[in-house]
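# Inside the fold
Letter by letter, the chains look like this.
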Amino acid sequence: MLSLSTPSPPPLPLRHQDAAATPTSVGLLRAAAARRDAPLTSALHAALLKSGVLHSPHHLASSNSLLHAYLQCGLLSHALRLLDETPRRDAATYTSLISAHCRVGAPLDAFRAFLDMLAWDADRGEDDAARPNEFTAAALLQACGLARDERLGRMVHGYLVAGGFCSDPFVAGSLVSMYAKVGDVVSAQKLVLGLPTRDVVSWTAIISGCVLNGMLAEALEVFVMMLEDGVLPNNVTMLSIIQACSLMGASELFGPMHAIVVKLELEDDASVVNSLIMMYAKNGFVEEAMQLFEGLYLRGDVCSNEDVVAAVLHGCGVSGSLKNGEGIHAYLVKTGAFPSISIENSLMGMYSRFEQLDAAHLVFKGMKVKDIVSWNTMISCLAKSDHVNEAMELFSVLHVGGGGFMPDFVSVLSIVQACSNAGLLQQGQMLHGYIVKSGFVYGVSMCNALISMYAKLGRIDFAEQIFKQMDIKDLVSWNSIINAYGIHGDGWSALRTFHQLRNAGTPAPNAVTFVNVISACSHSGLISEGYKCFESMRTEYGIEPSIDHYACVVDLLGRSGRFTEAEEFIRDMPVCPNASIWGPLLAACLLHGNVDLAEKVAKELSFFEPDSDIWKVSLSNVYAFAGRWKDAAKIRAEMRRVGLRKETGWSFVDVGGVEGYKFVSADARHPDAEHIYSVWHSMNQHMADLASGVDVHQQLQLV
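Quick notes on the rules
- Residues numbered from 1 in each chain as written.
- Predicted model: local features only at pLDDT ≥ 70, side-chain atom pairs only at ≥ 80, totals over all residues.
- Heavy atoms only, no water.
- Helix = DSSP H or I, 4+ residues; strand = E, 2+ residues; numbered from the N terminus.
- Buried < 20%, exposed > 50% of the residue type's maximum accessible area, 1.4 Å probe, protein only.
- Contact = heavy atoms within 4.5 Å.
- Salt bridge = Lys/Arg side-chain N within 4 Å of Asp/Glu carboxyl O.
- Phe/Tyr/Trp six-rings, centres within 6.5 Å; stacked < 30°, edge-to-face > 60°.
- Arc of directions from axis to C-beta.
- pLDDT = per-residue confidence, 0-100.
- Patch = residues over 30% accessible without salt bridge, like charges linked within 9 Å, V, L, I, M, F, W, Y side chains within 5 Å.
- Areas by Shrake-Rupley, 256 points an atom, 1.4 Å probe, with all protein chains shown as cover.

## Observations regarding the overall build of the protein chain
Secondary structure summary: the protein chain contains 39 helices and two strands in total. Looking at the 703 residues of the protein chain, the share that counts as buried comes to 43%. Pairs at least 24 residues apart make up 59% of the contacts formed inside the protein chain by residues separated by at least 6 positions.

## Things to note about the pattern of salt bridges
A complete count under the given rule lists twelve salt bridges for this structure. Close ionic contact of Arg-35 with Asp-37 constitutes a salt bridge, the shortest N to O distance being 3.1 Å. Between Arg-459 and Asp-461 there is a salt bridge, with its nearest N and O atoms 2.7 Å apart. Three or more residues joined by partner-sharing salt bridges are found here, namely Glu-150, Arg-154 and Asp-184.

## Some remarks on the packing of aromatic side chains
For the structure shown, the criterion picks out 17 aromatic pairs. Geometrically, the ring pair formed by Phe-254 and Tyr-280 is edge-to-face, given 6.0 Å between the ring centres and 90° between the ring planes. In this pair, Phe-254 is assigned in helix 15 (residues 251–263) and Tyr-280 in helix 16 (residues 270–282), connecting sequence segments 26 residues apart. The buried category is assigned to Phe-254, whose relative accessible area is 2%. Consider the rings of Tyr-550 and Phe-569, whose centres lie 5.8 Å apart with planes at 50°: the pair is tilted.

## Description of helix 11 (residues 185–193)
For helix 11, every residue scored as buried is listed here: Val-185, Ser-187, Ala-188 and Val-192. Down the axis of helix 11, the buried side of the element spans an arc of 160°, and every buried residue falls inside it. Exposed side chains of helix 11 directed beyond 90 degrees from the buried face belong to Val-186 and Lys-190. Next to the buried residues of helix 11 lie helix 9 (150–162), helix 10 (169–181), helix 12 (200–212) and helix 13 (216–228).

## Structural notes on the confidence of the model for the protein chain
Averaged over every residue, the pLDDT of the protein chain is 82; the share at 70 or more is 88%. A low-confidence stretch, residues 1–21 stays under pLDDT 50, and its non-local contacts, those more than four residues away or across chains, total 23 contacts. Overall, residues 693–703 carries pLDDT values under 50, and its contacts beyond four positions in sequence, including any with other chains, amount to six contacts.

## Some thoughts on the environment of Phe-114
Relative to the assigned elements, Phe-114 resides in helix 7 (residues 107–123). Residues Phe-114 and Ile-98 lie 16 residues apart in sequence; the distance between their C-alpha atoms is 6.9 Å. Sequence-distant contacts of Phe-114, defined by excluding residues within four places in its chain, comprise Ile-98, Pro-132, Thr-136, Leu-140 and Tyr-159.

## A look at unusual backbone geometry
With the exception of glycine, most residues fall at negative phi, and the peptide bonds are largely trans. For the bond from Thr-506 to Pro-507, the omega torsion is -5°, close enough to zero to count as cis. Tracing the backbone shows Pro-507 in the loop between helix 29 (491–504) and helix 30 (511–524). Even without glycine at this site, Arg-36 takes up a positive phi of about 55°. Relative to the elements of secondary structure, Arg-36 occurs in the loop between helix 2 (22–35) and helix 3 (38–51). Located in the positive-phi region is Arg-148, a residue other than glycine, with phi close to 55°. Residue position: Arg-148 is located in the loop between helix 8 (134–147) and helix 9.

## Observations concerning the side chain of Ser-174
Structurally, the position occupied by Ser-174 is in helix 10. Look at Ser-174 and you get buried, because its relative accessible area is 15%.

## Section: a nonpolar patch on the surface
A cluster of nonpolar residues, Val-679, Met-683 and Met-687, forms a patch on the protein surface that exposes about 290 Å² of accessible area. You can see Met-687 is positioned in helix 38 (residues 673–690). For Met-687, a relative accessible area of 48% puts it in the partly exposed group.

As structure tokens, this is what we get:
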């Protein structure tokens, strides 16, 4: 808000030499504004005050030039103080002020300046009036676009029509840009089509506005209209349209857009090439991105655009190209790109994707300055690499302020997931207390993570309690609790919750919901209920089943021993069965001792996964279960011959939240191993006594 004080008393009359010096001062002020030289601007201000020029109503050019210089230097408070002391103002005075407010992202302040201009105009005579001109109108329309306020934009449009400004081509172009930025593409197109001559600027304004508002398909349509109108795009147009293609993930358009760039001879334009690199990299086309990156930077200039480097590193991580990522890292070291928080964070993120813990930690340790993203990336990397204790230690350092920051939502979420994966119940409960104390518990995503954690750690009662206490539940909340019931074999509770979701109306179940509920039914033997849920996907919600849903139904039928129905279901599937379909059926064969079907299924799996050891071990177990020891031994011998070994399974014991120990089968490394095995043999004997009289087949069924 402008505060206009009473103007200072008029100064003494100017001497002749002071007046003559005014053009020189205007030139110097323009130079200071162009260089954004604040000290020079202040010095010139002092000189003008001493000469008395600023207090003269006849030297408005000097005060306007000084005002513009202060605004260009970002010294808004100095500019407003100068404005209060200026005895005369014109359109240029207010246009500079409105434009300055737009530059700093303050559209409402720009409108206040315009209203102050109108008030000044109403209170002054004809000679002192400050009437808006076409440049004022353009600045005002820029403020409308910045505010994304369509209603305000239409009001300004009406004012400009009444004032006769719309016939000016400059104002007409600004109107097009304003409507595009507020998302009214139809009005923008009408204005463009109504122009006597349509140029690249007007078309580009619409395209940029569409991209700004997420109207990506509309941006492409306008781009086609532009080409049909015979107007060739420029570099600004291509920047917007390449961004649209990237955000859409429309890979079929990447090649044509690249070809247009070459056709327009823009392949030497760094901004356009950077945009192409980011488009390719963000969508996983890392080879194409690397070719452009090498052509522009590795053999020529140094890349100073952190966003481009971050995009390429992200692309390397998404596409699984560690070699290219390491090459970029070497290039960055060679060109002295460090320190750079953004690039170093991106490097850690890439190494984290490849589980290259040592490399990620080396980058983290070498950072001279870290932000919260750096800490979160390292904590997440440790947690995902099963280095839970190190992740907890780093979180503790962050918590006590060792990094200069406090844990945020991402930090806490990473540790919650680490406790969940490592089976650390006591640490998880302690973390839950910290979350409540810190206020994170009120976030829906955090509650969802806690539900999943407690479900995995065996405390379904805590998961239920959190779910019931949530004021706001999203679809992930419902899916998490349904999955929690499924993990614990409580199919009826999963079904009850699923029906509550259906009755609530919003949010509607999605594909993940049906995977969870059908899987829960499978683990509880609820065959008919699970199959009804599967059928309702398409009939009630229009969700086309994926391979995961078909796999759940096969598991549902197989676990119950309905092998004939399972085979018919697979045969009638509209999609070709793959390993995710045959795998559950083989597991069911092991459960029920169906050797014949197991052999058929293993033959199918050998086609999809010839080098996998999983199905071979399962088939060997089926043979062993049926007493066909020679066949079981034959498979094991073949696995040893080709060098296949079953990945060692391990367990983790958390002793009172104080000691954690990771061990494998027949492990004897623990110092108390002899005592542990003694207790285990005693428990095993006790269970054997209780199970006496039950045959092996029944025991396996019970399991």
